[in-house]
Amino acid sequence: MKRIFFSLFLTALLLSSCGSNSQKGMITAQQAYQGVSNYCHSEYDWSVAVENPSIMSVEMGEETDSAYQVVFRSYTGALVNFYVDKKSGSTRIVEYVPALDIESEAGTIDLFDYLDKN
């Protein structure tokens, strides 16, 4: 009886530890780029870049063991750095204006909200 209870307990513990992050799996660099690009195209006005697409861009930045950096460059010269947590998809947004040397936290997003649902 103790073995059955112990087995059920371990099974329940294992199932309860499988949160939404483990179901979604690790974020890839491609997913980080795509999610941030989708976010930037939905939140920023790209109409100014129609005639000159090179004035606005989204590109991959540095990668650490735990996060990807994706950088949005605006036509104004501002840089918006997105730090995508590889495990959770939680993405910290930091805006930087080089001309004024001003950096500010701009919030967070869940990367999964901006990935295509297939």
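Each remark here, short or long, concerns the structure printed above.
Bear in mind that the values here come from a model prediction, so they are computed numbers and not experimental data.

Scoring rules and cut-offs
- Residues numbered from 1 in each chain as written.
- Predicted model: local features only at pLDDT ≥ 70, side-chain atom pairs only at ≥ 80, totals over all residues.
- Heavy atoms only, no water.
- Helix = DSSP H or I, 4+ residues; strand = E, 2+ residues; numbered from the N terminus.
- Contact = heavy atoms within 4.5 Å.
- Areas by Shrake-Rupley, 256 points an atom, 1.4 Å probe, with all protein chains shown as cover.
- Pairing = 2+ DSSP bridges.
- Axes fitted to C-alpha atoms, helices over the stretch in contact; angles between N-to-C directions.

(A) Fine view of the overall build of the protein chain. Summing up its helical and strand segments, the protein chain has three helices and five strands in all. Ordered by position from N to C terminus, the α and β elements of the protein chain give α-α-α-β-β-β-β-β. Pairs at least 24 residues apart make up 32% of the contacts formed inside the protein chain by residues separated by at least 6 positions. Working note: accessible area of the protein chain is about 8,100 Å², and carbon and sulfur atoms make up 55% of it.

(B) Local environment of the sheet that holds strand E1 (residues 57-63). Pairing is antiparallel in the open sheet, where five strands are placed in the order E1-E2-E3-E4-E5. Among the strands making up the open sheet, the edge pair consists of E1 and strand E5 (102-110). Ignoring which end each strand starts from, the neighbouring axes of this sheet average 25° apart. Judged from the eight bridges that link them, strand E4 (residues 90-97) and E5 form a sheet pairing that is antiparallel.

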